[in-house]
Amino acid sequence: MTSKLTEKQKATLWQQHRAASYQASCRLAGYTPSDIILEDADERLASLRRQYGG
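(A) Here's a closer look at the pattern of salt bridges. Across all of its chains, the model carries 1 salt bridge by this definition. The partner of E7 in a salt bridge is K10, with the nearest N and O atoms 3.4 Å apart. Within this pair, E7 and its partner K10 are both found in helix α1 (residues 7-28), separated by 3 residues, close to a single helical turn.

Set out below in structure tokens:
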């Protein structure tokens, strides 16, 4: 029997998924890991959503 995730666990899982997606999109854009600053993740995600209509 599986147990449901708590709200805190869901938030943590979402943040981990979001960070991994951001890093992957940066790698696809040609940035090196040293160029990636996670504080800029919101900005980068917003620009990708505008670009791809998400």
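(B) The arrangement of the side chain of R44 in detail. With respect to the element layout, R44 can be found in helix α2 (residues 41-52). No salt bridge is formed by the buried R44, whose closest oppositely charged neighbour, E43, lies at an N-O distance of 9.5 Å. Among residues more than four places away in sequence, those in contact with R44 are Y22, S25, C26, A29 and Y31.

(C) Just α2, in detail. Here α2 is 12 residues long and its end C-alpha atoms lie 16 Å apart, about the 16 Å a rise of 1.5 Å per residue gives. A41, R44, L45 and L48 are the residues of α2 that are buried. End-on view of α2: buried residues confined to an arc of 95°, all on one side of the axis. Structural note: α2 exposes E43 and R50 on the side pointing more than 90 degrees away from its buried face. In this fold, the buried residues of α2 make contact with α1. Where α2 ends, the next residue or the one after it, G53, has phi of about 70°, a positive value.

Conventions used here
Residues numbered from 1 in each chain as written. Predicted model: local features only at pLDDT ≥ 70, side-chain atom pairs only at ≥ 80, totals over all residues. Heavy atoms only, no water. Salt bridge = Lys/Arg side-chain N within 4 Å of Asp/Glu carboxyl O. Helix = DSSP H or I, 4+ residues; strand = E, 2+ residues; numbered from the N terminus. Buried < 20%, exposed > 50% of the residue type's maximum accessible area, 1.4 Å probe, protein only. Lys, Arg positive; Asp, Glu negative; His and termini not counted. Contact = heavy atoms within 4.5 Å. Expected span 1.5 Å × (residues − 1). Arc of directions from axis to C-beta.

Read these as geometric descriptors, not functional statements.
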